[in-house]
Amino acid sequence: MTLDIGLTLAVLLAAVLLFVFEVFRVDVVALVVVLSLAWLGLVTPAQAFSGMASGAVMSMIAIMILGAGVDRSGILNRLIRPLLNWTGSSERKLTAVVSSSAGLLSAFMQNIGAAALFLPAVMRISRRTRWPLSRLLMPLGYAAILGGTLTMVGSGSLIVLNDLLKQKSLAGFGLFSVTPLGVALLATGIAYFAVLGRRLLPDRGLAQVSPQQELIDTWKLPSSLFFCRIPRGSDLAGKTREEARLWSDYRLYLLALEVGHDIVYAPWRHFRFQAGQLLILMGARGSFEDFVRDHSLTPEGGGGRFERLHQAGQTGFAEMILPPRSPLAGRSLRDIGLRERWAVDPIALLSGSRAVRDDFSDQPLQAGDTLVVYGTWANIAAMGDRKHFFPLTGFQGAPGAGAKPWKALACFAAAVSLPLLGFSLPVSLMSGALAMVLLGVLKMDEAYQAVDWKTVFLLAGLIPLGIAMDQSGAAAFIAEGLFRALEGTPVLVLMAVVALLSTILSLFMSNVAATVLLVPLIVLLAGKTGLDPRPLTLLAAVCASNSFILPTHQVNALLMTPGGYRNRDFLRAGGLMTLLFLLVAVGMVKVFYL
């Protein structure tokens, strides 16, 4: 053992201990590793900071921007409702469906891309269902990693394996040669969380509350929508909004109504109802049922175009304050003609220290009064012109306000598909991220805000450790020492060590680097023992994806911050998953490939 090998192994051991005992944050540990390697001369200064410019880190940054763009576009809302309707109130069923989908998708795209596609959707589901996000994200991430073992293009280690075999004059594997093994691994992961998920996963609350949800919670606003149609013969037909006494008798808000393909938002008080109109109401279910019964209306389960816009996040609540010198000071909402002028519905008024929820249409407004309204973001933006009203709510950043769903989806699909055609992964992903900015899906400032720099520094800090292990010979030293000790041992023992060594190396260096290092050694060892080297190399390449016990894999790093995970959460849930992975991988290769 050389001095450089000893120093590299010492840094590696220190990193493991710091990760396990959580002495510092993971990004701080990564920086400690980088600077230690540089000061010890194990890597050059340029290599120490090469992680910030590495393809893996740039891919991660691009994926975060792409995910933010897809979320911002509102297209995920069109997928969430059918998913929730199908899975019902079962968190376990939802987890299994999302995990299966991510795993299958990961068979033909990068693991990180599959996880990023589902991340915003799962975060929104957590907000709507009040299910802890920490119980939803880890199964998703593990499934995305496991899905990479379904085909020979699902992970970098499997992609590079065939090239390494050809260099040794060995036959490569077909696209679906690894599928039986991958199916067994993915099924094991899904079943693992279905059975033990609630015991192993932390319960750290919901996804970060959105500004809309915070506003709803603060004001205790009604948020349940109800839909009903006016049939012929209903006594509501021909009445005005005021004559219907929606608020005084039923405490219901009339947000909008649909007439054919048109939507009338916040119809004003002299608007007359007609047969065939679809009413969109907000309030308590009991009040809605009374209103439907009293006027012989027909309740409906959905609201057509309005509901699609609402689910896409293009409507919502906003707080507006009356600024000093506003021309509206001293005038009531009825005098202003709020609904007729801006097509928004007034929900509540805060005047001084008094919150008013009853009919305040005739109450004169004073400078400093705060009005809560509901409407489309476009109408609310027109109202908040800073002359008549000053917006307190950041409604312009609300999900879906930009509403360019197909542009966002096209950018994401192109970014994750181009690598399958042979193009560079980081270049493809960053091109997709830039396209979202150029097409107006995201503003550049929003793209910067989408990047989680804690995750970026974690990955950037570990890349130099992989360089040091390779350059110093530490990785080869460990592998060669183990393989020398294994000559003459039973096949199962040899397979177990190959699988375990690949797993350990992939925790601190890329799965591609681990595979490149191990395959030549495995071929040499197999030649001495008379074994077919191809199954053993396949085992090593597959186990390079067995990265569950630390947040060092790109997928784990991506989900760590939104899930609120700590290192010990990955150790707890990932420890048993790692063991199951090893058992299934070794067993399947022994039965089906050797």
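Throughout what follows, the structure given in this document is the object of discussion.

**Some thoughts on the overall build of the protein**
- For the protein, the helix and strand inventory stands at 28 helices and 10 strands.
- The C-alpha extent of the protein, read off along each of the three principal axes, is 95 × 50 × 40 Å.
- In the protein, buried positions account for 53% of the 594 residues.
- Taking the intrachain contacts of the protein between residues at least 6 apart in sequence as the baseline, contacts between residues at least 24 apart amount to 79%.
- Element-wise, carbon and sulfur atoms account for 60% of the exposed surface of the protein, whose accessible area totals about 24,900 Å².
- Each charge sign in the protein was given a centre, from 49 positive and 37 negative side chains, and these centres are 2 Å apart.

**A short note on the sheet that holds strand β8 (residues 354–356)**
- Within the open sheet, the 5 strands sit side by side as β8-β7-β9-β6-β10. Their pairing is antiparallel. The open sheet has two edge strands, β8 and β10 (390–391), and neither has a second partner.
- Across 3 bridges, the pairing between strand β7 (residues 345–351) and β8 is antiparallel. Its bridge partner being in β8, Leu349 is matched across the sheet by Val356.

**Structural notes on helix α1 (residues 3–21)**
- Relative to the 27 Å expected for 19 residues at 1.5 Å per residue, α1 spans 27 Å between its end C-alpha atoms, a close match to the ideal helical length.
- Among the residues of α1, Ile5, Thr8, Val11, Leu12, Ala15, Leu18 and Phe19 are the ones counted as buried. Summarising the axial view, the buried residues of α1 lie within an arc of 160 degrees, below the 170-degree limit, and thus occupy one face. The exposed set on the far side of α1, more than 90 degrees from its buried face, consists of Leu3, Leu13 and Phe21.
- Looking at the buried residues of α1, the elements they touch are α2 (26–39), α22 (453–472), α23 (474–486), α24 (491–508) and α28 (567–592).
- Just downstream of α1, Glu22 is the residue with a positive phi angle, here 50 degrees.

**Focus: the pattern of salt bridges**
- Under the criterion given, the structure shown has 14 salt bridges.
- Where Arg198 meets Glu91, a salt bridge forms, and the shortest distance between an N and an O atom there is 3.3 Å. Taken together, the positions of Arg198 in helix α10 (residues 179–200) and Glu91 in helix α6 (residues 91–106) put the pair 107 residues apart, joining distant regions of the chain.
- Between Asp294 and Arg293 there is a salt bridge whose closest N-O contact spans 3.8 Å.
- The class of Arg293 is exposed, set by a relative accessible area of 55%.
- Put simply, Glu91, Arg135, Arg198 and Asp203 are held in one network by salt bridges that share partners.

**Re the sheet that holds strand β3 (residues 262–265)**
- Read across the sheet, 5 strands follow the order β3-β2-β4-β1-β5 without closing on themselves; strand pairing throughout is antiparallel. The sheet terminates laterally at β3 and β5 (298–300), the two strands that pair on one side only. Averaged over all neighbouring strand pairs, the angle between strand axes comes to 30 degrees, with direction disregarded.
- Alignment of strand β2 (residues 253–259) against β3, held across 4 bridges, turns out to be antiparallel. Bridge pairing in β3 links Val259 to Asp262.

**Focus: the environment of Val20**
- You can see Val20 is positioned in helix α1.
- Expressed as a C-alpha distance, the spacing of Val20 and Asn567, which sit 547 residues apart in the sequence, is 6.3 Å.

**Quick notes on the packing of helix α8 (residues 137–147) against helix α27 (residues 554–563)**
- Remark: α8 packs on α27, axes separated minimally by 10 Å, with the N-to-C direction vectors making an angle of 170 degrees. Here α8 lies roughly antiparallel to α27, going by the angle between them. Contact residues: Leu137, Gly141, Tyr142 and Ile145 in α8; Val555, Asn556, Leu559, Pro562 and Gly563 in α27.
- Residue composition of the contact of α8 with α27, grouped by class: 6 nonpolar, 3 polar and no charged.

**Details of a nonpolar patch on the surface**
- On the surface, a nonpolar cluster with roughly 630 Å² of combined accessible area is contributed by Leu13, Leu17, Phe21, Val23, Phe24, Val28 and Val32.
- Those elements that provide at least two residues to the nonpolar patch are α1 and α2.
- Of the residues forming the nonpolar patch, the biggest block, 3 residues, is contributed by α1.
- Among the structural elements, Val32 can be located in helix α2.

**Let's talk about the pairing of strand β1 (residues 225–229)**
- For β1, the tally of buried residues reaches 4 of 5 residues, placing the bulk of the element in the interior.
- Relative to β5, β1 runs antiparallel, the two sharing 3 bridges. By the bridge assignment for β5, Arg229 is matched with Thr298.

**So, the nonpolar core**
- In this structure, Leu181, Leu465, Phe483, Leu505, Leu538, Leu539 and Leu558 are the most contacted members of the largest nonpolar core, which totals 135 residues.
- If near-sequence neighbours (up to four positions away) are discounted, Leu505 is found in contact with Met469, Ala475, Ala514, Leu517 and Leu518.
- Within the second largest apolar cluster, 22 residues are counted, among which are Leu215, Trp247, Met282 and Val372.

**Let's talk about the side chain of Ser506**
- One can find Ser506 in helix α24.
- The class of Ser506 is buried, set by a relative accessible area of 9%.
- Among residues more than four places away in sequence, those in contact with Ser506 are Asn511, Ala514, Cys543, Ala544, Asn546 and Ser547.

Definitions and cut-offs
- Residues numbered from 1 in each chain as written.
- Predicted model: local features only at pLDDT ≥ 70, side-chain atom pairs only at ≥ 80, totals over all residues.
- Heavy atoms only, no water.
- Helix = DSSP H or I, 4+ residues; strand = E, 2+ residues; numbered from the N terminus.
- Buried < 20%, exposed > 50% of the residue type's maximum accessible area, 1.4 Å probe, protein only.
- Contact = heavy atoms within 4.5 Å.
- Areas by Shrake-Rupley, 256 points an atom, 1.4 Å probe, with all protein chains shown as cover.
- Lys, Arg positive; Asp, Glu negative; His and termini not counted.
- Charge placed at Lys NZ, Arg CZ, Asp CG, Glu CD.
- Pairing = 2+ DSSP bridges.
- Expected span 1.5 Å × (residues − 1).
- Arc of directions from axis to C-beta.
- Salt bridge = Lys/Arg side-chain N within 4 Å of Asp/Glu carboxyl O.
- Axes fitted to C-alpha atoms, helices over the stretch in contact; angles between N-to-C directions.
- Parallel < 35°, antiparallel > 145°, perpendicular 65-115°, else oblique.
- Nonpolar A, V, L, I, M, F, W, Y, C, P; charged D, E, K, R; others polar.
- Patch = residues over 30% accessible without salt bridge, like charges linked within 9 Å, V, L, I, M, F, W, Y side chains within 5 Å.
- Core = buried A, V, L, I, M, F, W, Y, C linked by side-chain atoms within 4.5 Å.

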